[in-house]
Amino acid sequence: MRLIEGLQCVPGAERDVELALLEALSNAVLHGNQKDPEKKVHLRCRCGPGKEISIVVTDQGKGFDFEKAVGNGLTPDPAAERGRGISLMKAYMDDVHFERDGSEVHMRKRARNSAH
């Protein structure tokens, strides 16, 4: 996060990016890799200063059924065990989608345009 803040990728939206990234990393470790210390999580980050940030988090798990996890697209029950992290990532980022059968999450946040 210090790198992202220092590069000024998305000024003013760093907290949103941090929260989405924490959810993605948590999901990768807990659900993807099943807390297996032998499995790794790979993080790629691309930053266009003042433009946007793209983050890809890949785990070594089997993946999951993304459509089933988010149900019909409505906000999941807050008491539900699964699905909250995905909803939070979607709330904080502009674009969130999954690849590699769900073992890879792609997130993007564009910088806010201060000129109206």
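Residues numbered from 1 in each chain as written. Predicted model: local features only at pLDDT ≥ 70, side-chain atom pairs only at ≥ 80, totals over all residues. Heavy atoms only, no water.

For this particular structure, what's the right way to read helix H2 (residues 14-32)?
Each α-helix turn comprises 3.6 residues. Residues three or four places apart therefore point the same way. For H2, built from 19 residues, the straight-helix expectation of 27 Å at 1.5 Å per residue is met to within 8% by its first-to-last C-alpha distance of 25 Å. Along H2, the residues that are buried comprise Glu14, Asp16, Val17, Ala20, Leu21, Ala24, Ala28 and Gly32. Considered in projection along H2, the buried side chains sweep an arc of 155° and stay on one side of the axis. On its buried face, H2 is in contact with helix H1 (2-7), strand S1 (42-48), strand S2 (52-58), helix H4 (84-92) and strand S4 (104-110). At the exit of H2 stands Gln34, carrying a positive phi of roughly 50°. (Helix = DSSP H or I, 4+ residues; strand = E, 2+ residues; numbered from the N terminus. Expected span 1.5 Å × (residues − 1). Buried < 20%, exposed > 50% of the residue type's maximum accessible area, 1.4 Å probe, protein only. Arc of directions from axis to C-beta. Contact = heavy atoms within 4.5 Å.)

I would appreciate a short explanation of the pairing of S2 in the present structure.
The side chains of a regular strand alternate between both faces of the sheet. Most of S2 sits out of view: six of its seven residues are buried. Bridge analysis of S1 against S2 gives seven bridges, and the strand direction is antiparallel. When the sheet's bridge partners are listed, Cys47 is paired in S2 with Ile53. The turn linking S1 back onto S2 is made up of three residues, and Gly50 within it adopts a positive phi angle of 70°. For S2 and S4, the ladder comprises seven bridges, and the chain directions are antiparallel. By the bridge assignment, Ile55 is partnered in S4 with Met107. (Pairing = 2+ DSSP bridges.)

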